[in-house]
Structures are given as C-alpha cells and as structure tokens.
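Below, each chain spelled out in residue letters.
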Amino acid sequence: MADPLPDPALLVLIGASGSGKTTWARAHYREVEIVGSDALRAVVGSGENDLDATRDAFDLLDRIVEARLRRGLTVVVDTLGTDRARRRRWRETAEAAGLPAVAVLFDTPAALCRSRNRERARPVPAAVLAAQLRGLRETVAELDDEPWARVESVAPPAEPATPPADPTA
Ligand code: ATP
C-alpha cells in the first residue's frame, strides 16, 4: 500500500470468502475497531454460519458502524462488501460524521480463495463461493462510479520466486 490509510476512517472491506479480509483487518486494526457479519452471527445466532441470524447480525452491525462513526472512531466493516445499498449507507454515515470512507478491495485470485476455502474447518460450499466471486466482479465494476475518498487494493503476498535451475545439476 503506497500511502497510509486515513485514521480515523470508515474502511469497507470487499472480497470473497478466503480472500483474506479478516486476517488483514486483524493485522492492521484493533479488535474493537473491526465489526464483522460472521462474528455478529455468532453473537446473535448459533454460530458464524447461522444464516438465519443474518438480518439481526446486519442490524447490529449497522448500529455499531453508526455509533462509532458518530463519535469519530475508526470502524472496519468486515463483510463480503458486495451489497451496493449497504455500501452506500455506510459511506453516507461516514460522510455525515465528517470521516473519510475507504473501500479496501481484496484482489485475491479465485483459485487462491478456493484452495484456502477447501482447507478451512468449515468451508463454504463451492457453489456459494462461485456466486460470491461473480458478485465480486460486478462490485469491482460498480466501485468506479461510487464516491469513495479512496479505493485501495490489497494483493495476496507474492509466491516465493522459483530458484533458477542449477546449471551444474
Ligand atoms: P470470510 O469472508 O469467509 O470470513 P476472509 O476473506 O475473511 O474470509 P480470512 O478468514 O482472513 O478470509 O482467511 C481465510 C483463510 O486464508 C484463513 O485460513 C487464513 O489463515 C488464510 N489467509 C488469509 N490471508 C492470508 C495470507 N495473507 N497469507 C496466507 N494465508 C492467508
């Protein structure tokens, strides 16, 4: 990342399952600054994958985002980020609070998302991940028309370079 991200700010993470959003957020922000739909499903429902708890989880998430921004506090929104109406609402809340809104796009290749997903304790079904990856392509196109203070891409760490062939071998 060329320049440091503004702080305080609203950061909206955008990426498929396994793209590394939560890992990145935890590496760069304090636990209380991160609000995630999976974590809140576990709070108001039976676990992170309790889809029946999605609506309650997002209601709570919106309230936390609003309360923190109103106090001028940084908030990192850790969801798929592919819902345009939600992105607009969070961005407008930041704007009303006078804080910059930053979209953080996880540019992780689909194959890497799939292989990380397969290795997880509770992988999302392959068809669900495929739908997320399609939704993400649409979102990337939409971002160009949205008035973010900044759109930042996070690329996965480069693979270690293949050593040159040993000419003596
Ligand atoms: P979800 O939306 O499903 O919560 P996510 O985008 O938040 O997914 P993470 O939970 O951060 O993704 O990461 C998914 C898996 O990929 C984890 O097992 C994590 O350890 C691994 N991972 C994430 N980022 C990296 C990275 N930079 N290098 C290596 N492994 C990573």
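A quick note: this is a predicted structure, and the numbers were derived from the prediction, not measured. (Residues numbered from 1 in each chain as written. Predicted model: local features only at pLDDT ≥ 70, side-chain atom pairs only at ≥ 80, totals over all residues. Heavy atoms only, no water.)

(A) View of the sheet that holds strand S3 (residues 75-78). As summarised here, the arrangement of the five strands in space is S2-S3-S1-S4-S5, forming an open sheet in which the pairing is parallel. Two strands bound the open sheet, and with one partner strand each, they are strand S2 (34-36) and strand S5 (150-154). Across the sheet, the mean angle separating the axes of adjacent strands is 20 degrees when strand polarity is ignored. Bridge count between S2 and S3: three bridges; the pairing is parallel. Pairing of Ile34 across the sheet is with Val76, part of S3. Packed on one face of the sheet, helix H1 (residues 21-28) meets strand S1 (10-14), S2, S3, strand S4 (101-106) and S5 and runs near 150 degrees to S1. Packed onto the sheet, helix H3 (residues 54-70) meets S1, S2 and S3 and runs at close to 160 degrees relative to S3. (Pairing = 2+ DSSP bridges. Helix = DSSP H or I, 4+ residues; strand = E, 2+ residues; numbered from the N terminus. Axes fitted to C-alpha atoms, helices over the stretch in contact; angles between N-to-C directions. Contact = heavy atoms within 4.5 Å.)

(B) Inspection of the packing of H3 against helix H4 (residues 84-97) at higher detail. Taken N-terminus to C-terminus, the directions of H3 and H4 make an angle of 20 degrees; their axes are 8 Å apart at the nearest point. By the angle between their axes, H3 is roughly parallel relative to H4. Where H3 crosses over H4, the handedness of that crossing is right-handed. Counting all contacts with H3, which are made through Phe58, Leu61, Asp62, Val65, Glu66, Leu69 and Arg70, the residues of H4 involved are Arg86, Arg89, Trp90, Thr93, Ala94 and Ala97. Taken together, the residues that form the contact of H3 with H4 break down as seven nonpolar, one polar and five charged. (Parallel < 35°, antiparallel > 145°, perpendicular 65-115°, else oblique. Left-handed = near helix turned anticlockwise from the far one by under 90°. Nonpolar A, V, L, I, M, F, W, Y, C, P; charged D, E, K, R; others polar.)

(C) Expanded view of the side chain of Ser17. With respect to the helices and strands, Ser17 occurs in the loop between S1 and H1. A residue is classified by how much of its surface remains accessible, and Ser17, at 12% relative accessible area, is buried. Once residues lying within four places of it in the same chain are set aside, the contact partners of Ser17 are Leu80, Cys113, Arg120, Val124, Leu129 and Gln132. (Buried < 20%, exposed > 50% of the residue type's maximum accessible area, 1.4 Å probe, protein only.)

(D) Highlighting the pattern of salt bridges. Summed over all chains, the structure comprises 10 salt bridges. Between Glu66 and Arg70 there is a salt bridge, with its nearest N and O atoms 3.2 Å apart. Of this pair, Glu66 and Arg70 both sit in helix H3, four residues apart, which is roughly one turn of that helix. Three or more residues joined by partner-sharing salt bridges are found here, namely Arg84, Arg87, Arg91, Glu142 and Glu146. (Salt bridge = Lys/Arg side-chain N within 4 Å of Asp/Glu carboxyl O.)

(E) Quick peek at the site of the ligand. In the region of the ligand, the neighbouring residues are Ala16, Ser17, Gly18, Ser19, Gly20, Lys21, Thr22, Thr23, Asp38, Arg116, Arg120 and Pro157. Contact between the ligand and Gly20: an oxygen atom at 3.0 Å from a main-chain N or O atom of the residue. Contact distances for the ligand include 3.3 Å between an oxygen atom and a side-chain N or O atom of Asp38. Summarising the interface, the protein chains cover 66% of the accessible area of the ligand, which totals 620 Å² for the free molecule. Counting residues per element, the shell around the ligand draws most heavily on H1, which supplies three residues. (Near = heavy atom within 4 Å. Polar contact = N/O pair within 3.5 Å; in protein donor to acceptor, adjacent residues only side chain to side chain. Areas by Shrake-Rupley, 256 points an atom, 1.4 Å probe, with all protein chains shown as cover.)

(F) Quick look at the packing of aromatic side chains. Under the counting rule described, the total for this entry stands at two aromatic pairs. Centre to centre, the rings of Trp24 and Tyr29 are 5.9 Å apart; their planes meet at 50 degrees, and the pair counts as tilted. Each member of the pair Trp24 and Tyr29 is classed as buried. Summarising the aromatic geometry, the rings of Trp24 and Phe106 are spaced 5.7 Å apart at their centres and angled 80 degrees between planes, so their arrangement reads as edge-to-face. (Phe/Tyr/Trp six-rings, centres within 6.5 Å; stacked < 30°, edge-to-face > 60°.)

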